[in-house]
Amino acid sequence: MGRIVLEKVSKYFGDVLVIPSIDLEVEDGDFVVFVGPSGCGKSTLLRLIAGLEDTSGGRILIDDVDVVAEPPAKRGLSMVFQSYALYPHMTVRNNIAFGLKMAGMDKASIDKKVNHAAKILDLGSYIDRRPGQLSGGQRQRVAIGRAIVREPKAFLFDEPLSNLDAALRVQMRLEISDLHNELKTTMIYVTHDQVEAMTLADKIVVLNAGNVEQFGSPLDLYNSPRNKFVAGFIGSPKMNFIEGKHAEKYKVPTVGIRPEHLGINTKQSVGAWIAKVGIAEHLGSDTFLYVDAEDIGQLTVRVSGELNVSHGDIVYLTPDETRLHRFDGDGMTITAAK
Amino acid sequence: MATKQTKTLATFMVAPSVIMLFLWMIVPLCMTIYFSTLRYNLLDPGNEAFVGLENYIYFLTDPDFFTALGNTLILVGSVLFITVVGGVLLAILLDQPFFGQGIARLMVIAPFFVMPTVSALIWKNLLMNPVSGFFAYLAKLVGVEPIDWLGDHALLSIIILVAWQWLPFATLILLTAVGSLDGERKEAAEMDGAGPISLFYYIILPHLARAITVVILIETIFLLSIFAEIFVTTGGGPGLDTTNIAFLVYSQALLQFDIGGASAGGIVAVILANIVAIFLVRMVGKNLDA
Ligand SMILES: Nc1ncnc2c1ncn2[C@@H]1O[C@H](COP(=O)(O)OP(=O)(O)OP(=O)(O)O)[C@@H](O)[C@H]1O
Ligand SMILES: [Mg+2]
């Protein structure tokens, strides 16, 4: 079991209020991802759950037991750190076994568990080496191995892949996803990487300045963001926000349209926005256009496949009306006004 | 030093200083070796003559030599033990955040800046004096007979004094090492359920191994040749109780005016220091390339 509930959790560092008050329910077996801009309190929130920081107020319940006063080791959680935090003077085997040894488990059971973890993560060939002799990806696997042998109620990851190169990141992402499917243990995962968040999560928590902006499934967040912040944060490239003359047509101060929901035409069409191509990025599978639209300003357009336009060309844009997001003066999404 | 070119360049660049250092060392060393083979006594000038290894035989078969050698090893060993153990504990203590941390650090480091002669005088006259010393005052306060530290426990007193001088050095080096321990590693151990003692034994101590090695090597070099402290406090006595090799060489040369014998003693001391150094490097040096 691994149900984690936060009730009105707050955190001060000295006089600085980093997390005002957070309520959150993580169901057993969920893969929850915390995303948000740098400094919004993702790591802090994770460390509060782990018990590495004291809360300033509120309750943290793990399986309906308040753990606020418990030390980290008593909470039954495992954490994977960004820097891996392996013990450099111990072999991979001893690194993984350390937690079990501290728990006073007998040698035979420790060996069995370590060998099992080594098999799951494919550590066999370097189990007797020290961390200094491993590559980044291998170290990350060892760190995960150390987390899984303790059979925790939940795993906590703090940007575990950010020190890896792009290709390895994709591979490890899949492995973590596999691991979750296999173990079915609750996982809480902090990242600032859009793709990691969208692909791994059952549910995403979007944080901003210590507040939960929205909590929901990845596609929920993509399709119906609660406010302008979430709309702008989820999705890559970012959503275009349009104010002024063209927004007035929809009787709201701001409308938003994702780059992939802008139709593009090189021939004159009625009611379309006229724009001049600035930069065209041809990725093969997609083409990203950064255009300067009349009366609007900078817009990003995403076209599937190849589109043969280049700098200075005039294009005509038509937004997909059904995928248009309307925001009021406070930046909240207007849903009823259709 | 990756390429052939940088290697050649480096050789030329360091050559002048290596040559300087070499001359600097080699000239006194050769002269000492030369003197050690002479009968050369200041009370009998003009009668210098080559005597081969006689001075060495004399020095090495002198029972005083073995006493001095024993004293030297006890002194070095005890001071190393006290400073390393005390240094590790103090370093960990000073690494904790507490009010007045800056001042406390400064106070701990301070003894290192006191000259050996001055600190020896302070210990001898203000602290360990059996009549007017601070320790005697404390003893009288609780009603026990004051101890004549430098009279009855001379070697122990010297050990305490020297350890007091070198504890700051060990603490300073170890403090930087403790400070460089990655916070996430400590947190990982905490999540793994390591209590304070396990944390110390399994995480902090291995992390400090390299710094401890450095402390031991550097201190040994200086401790083998402790002189001022002994000269000021006990003068090698009572009897030979606090005479180490350095002091023995001095007493031969200047108290018995035997330059030849003292030179031989000096060379023996150099060889001994090298043996100890090789031994130590073998023993703890493997920590250095981890
Ligand atoms: N020990 C600390 N003392 C004081 N302030 C802190 C401390 N740790 C974090 N903060 C502050 O709390 C805020 C949230 O920090 P946190 O590390 O949780 O951000 P984050 O969302 O993880 O950012 P990033 O994506 O850059 O890792 C920041 O403004 C940071 O300056
Ligand atoms: Mg962070």
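(A) Just the overall build of chain A, in detail. In terms of regular secondary structure, chain A is built from nine helices and 18 strands. Each principal axis of the C-alpha atoms in chain A carries an extent, and together these give about 75 × 45 × 35 Å. Counting only residues that meet the buried cut, chain A has 50% of its 338 residues in that class. Within chain A, counting contacts between residues at least 6 apart in sequence, those at least 24 apart form 63% of the total. As presented, chain A carries roughly 15,500 Å² of accessible surface, and 49% of it is formed by carbon and sulfur atoms. The average position of the 38 basic charges and that of the 43 acidic charges among the side chains of chain A differ by 4 Å.

(B) Just the interface of chain B and chain A, in detail. Facing the 15 residues of chain B at the interface are 23 residues of chain A. In this structure, the salt-bridge partner of A:R47 is B:E187, at a minimum N-O distance of 2.7 Å. Of all the secondary structure elements, the ones that give two or more residues to the side of chain B that touches chain A are α9 (183–191) and α10 (196–223) of chain B. The dominant element in the side of chain B that touches chain A, judged by the number of residues it contributes, is α9(B), at seven residues. A breakdown of the residues in the side of chain B that touches chain A according to their chemical character gives seven nonpolar, two polar and six charged.

(C) Structural view of the site of ligand 1. All names here are of chain A. Around ligand 1, the neighbouring residues are F13, V18, S38, G39, C40, G41, K42, S43, T44 and E159. G39 places a main-chain nitrogen or oxygen 2.8 Å from an oxygen atom of ligand 1. When isolated, ligand 1 has an accessible area of 630 Å², and the protein chains bury 56% of it. Among the elements that take part in the shell around ligand 1, helix α1 (residues 42–50) stands out by supplying three residues, more than any other. Residue classes in the shell around ligand 1 are distributed as three nonpolar, five polar and two charged.

(D) Molecular detail of the nonpolar core. By size, the foremost hydrophobic cluster in this structure holds 76 residues, and its most contacted members are A:I4, A:L6 and A:F34. Looking at this core element by element, the count peaks at 12 residues for helix α8 (residues 154–179) of chain B. Discounting chain neighbours no more than four positions away, the residues touching A:F34 are A:L24, A:K42, A:L45, A:L46, A:I49, A:I188, A:Y189, A:V190, A:T191, A:V205 and A:L207. Core analysis: the second largest hydrophobic core is formed by 43 residues, A:A147, A:F157, A:L200 and A:V206 among them.

(E) Structural detail: the packing of helix α3 (residues 63–95) of chain B against α10(B). Residues and elements named next belong to chain B. Viewed as axis vectors pointing N to C, α3 and α10 meet at an angle of 140°, and their least axial separation amounts to 10 Å. For the element pair α3 / α10, the angle class is oblique. Here α3 and α10 pass one another in a crossing that is right-handed. Touching V76, V79, L80, T83, V84, V88 and I92 of α3 are F200, I204, L205, L208, I212, V215, I216, E219, T220 and L223, all from α10.

(F) Seen up close, the sheet that holds strand β6 (residues 77–80) of chain A. All names here are of chain A. Pairing in this open sheet of six strands is mixed, and the strands run β6-β7-β8-β3-β9-β10 from one edge to the other. The two strands at the open ends of the sheet, each matched to only one other strand, are β6 and β10 (211–216). For this sheet, the mean inter-axis angle between neighbouring strands, taken without regard to orientation, is 15°. Bridge count between strand β3 (residues 31–35) and strand β9 (residues 203–208): four bridges; the pairing is parallel. Pairing of V35 across the sheet is with V206, part of β9. With respect to the sheet, α1 is in contact with β3, β6, β7 (154–158), β8 (186–190) and β9, its orientation differing from that of β7 by roughly 150°.

(G) Local environment of the side chain of B:T233. All names here are of chain B. Checked against the element boundaries, T233 lands in helix α11 (residues 228–233). Residue T233 is classed as buried on the basis of its relative accessible area of 9%. A polar contact is formed between the side chain of T233 and the backbone oxygen of E229, at a distance of 2.6 Å.

(H) Highlighting the packing of aromatic side chains. Tallied over the entire structure, the rule returns 24 aromatic pairs over all chains. With centroids separated by 5.6 Å and ring planes inclined at 65°, the aromatic side chains of B:W123 and B:W164 adopt a geometry described as edge-to-face. Placement of the pair is B:W123 in helix α5 (residues 116–127) and B:W164 in helix α8, with a sequence separation of 41 residues. The class for B:W123 is buried, based on a relative accessible area of 8%. One aromatic cluster is present, formed by A:F31, A:F155, A:F157 and A:Y189 through successive ring pairs. One cation-aromatic arrangement involves A:R146 over A:Y87; the distance from NZ or CZ to the ring centre is 4.7 Å.

(I) The arrangement of the domain arrangement of chain A in detail. All names here are of chain A. Segmentation of chain A into domains returns domain 1 (4–232) and domain 2 (241–335). Across the boundary between the two partners, domain 1 contributes nine residues, which contact 12 residues of domain 2. In total, about 900 Å² of surface goes out of reach between domain 1 and domain 2, with carbon and sulfur atoms giving 51% of it. Counting across the interface, domain 1 meets domain 2 through one salt bridge. One salt bridge connects E243 with K228, and the closest N-O pair in it is separated by 3.9 Å. The interface formed by domain 1 and domain 2 contains seven residue pairs in polar contact (both at pLDDT 80 or more). Broken down by secondary-structure element, the contributors of at least two residues to the side of domain 1 that touches domain 2 are α7 (218–223) and α8 (228–233). Looking at the side of domain 1 that touches domain 2, its residues break down into four nonpolar, three polar and two charged.

(J) Here's a closer look at the pattern of salt bridges. All told, the structure shown has 15 salt bridges over all chains when counted by the stated rule. Ionic pairing is found between A:R3 and A:E25, a salt bridge with its closest N-O pair at 3.7 Å. Linking A:R3 in the segment before β1 (4–13) with A:E25 in strand β2 (residues 16–26), this pair joins segments that are 22 residues apart in sequence. On the basis of relative accessibility, which here comes to 42%, the residue A:E25 falls in the partly exposed class. Through salt bridges that share partners, A:K11, A:R47, A:E53 and B:E187 make up one connected network.

The rules behind the values
- Residues numbered from 1 in each chain as written.
- Chains lettered and ligands numbered in written order.
- Predicted model: local features only at pLDDT ≥ 70, side-chain atom pairs only at ≥ 80, totals over all residues.
- Heavy atoms only, no water.
- Helix = DSSP H or I, 4+ residues; strand = E, 2+ residues; numbered from the N terminus.
- Buried < 20%, exposed > 50% of the residue type's maximum accessible area, 1.4 Å probe, protein only.
- Contact = heavy atoms within 4.5 Å.
- Areas by Shrake-Rupley, 256 points an atom, 1.4 Å probe, with all protein chains shown as cover.
- Lys, Arg positive; Asp, Glu negative; His and termini not counted.
- Charge placed at Lys NZ, Arg CZ, Asp CG, Glu CD.
- Salt bridge = Lys/Arg side-chain N within 4 Å of Asp/Glu carboxyl O.
- Nonpolar A, V, L, I, M, F, W, Y, C, P; charged D, E, K, R; others polar.
- Near = heavy atom within 4 Å.
- Polar contact = N/O pair within 3.5 Å; in protein donor to acceptor, adjacent residues only side chain to side chain.
- Core = buried A, V, L, I, M, F, W, Y, C linked by side-chain atoms within 4.5 Å.
- Axes fitted to C-alpha atoms, helices over the stretch in contact; angles between N-to-C directions.
- Parallel < 35°, antiparallel > 145°, perpendicular 65-115°, else oblique.
- Left-handed = near helix turned anticlockwise from the far one by under 90°.
- Pairing = 2+ DSSP bridges.
- Phe/Tyr/Trp six-rings, centres within 6.5 Å; stacked < 30°, edge-to-face > 60°.
- Lys NZ or Arg CZ within 6 Å of the ring centre and 35° of its normal.
- Domains from an automatic or database assignment.
- Buried area = accessible area lost by both parts, 1.4 Å probe.

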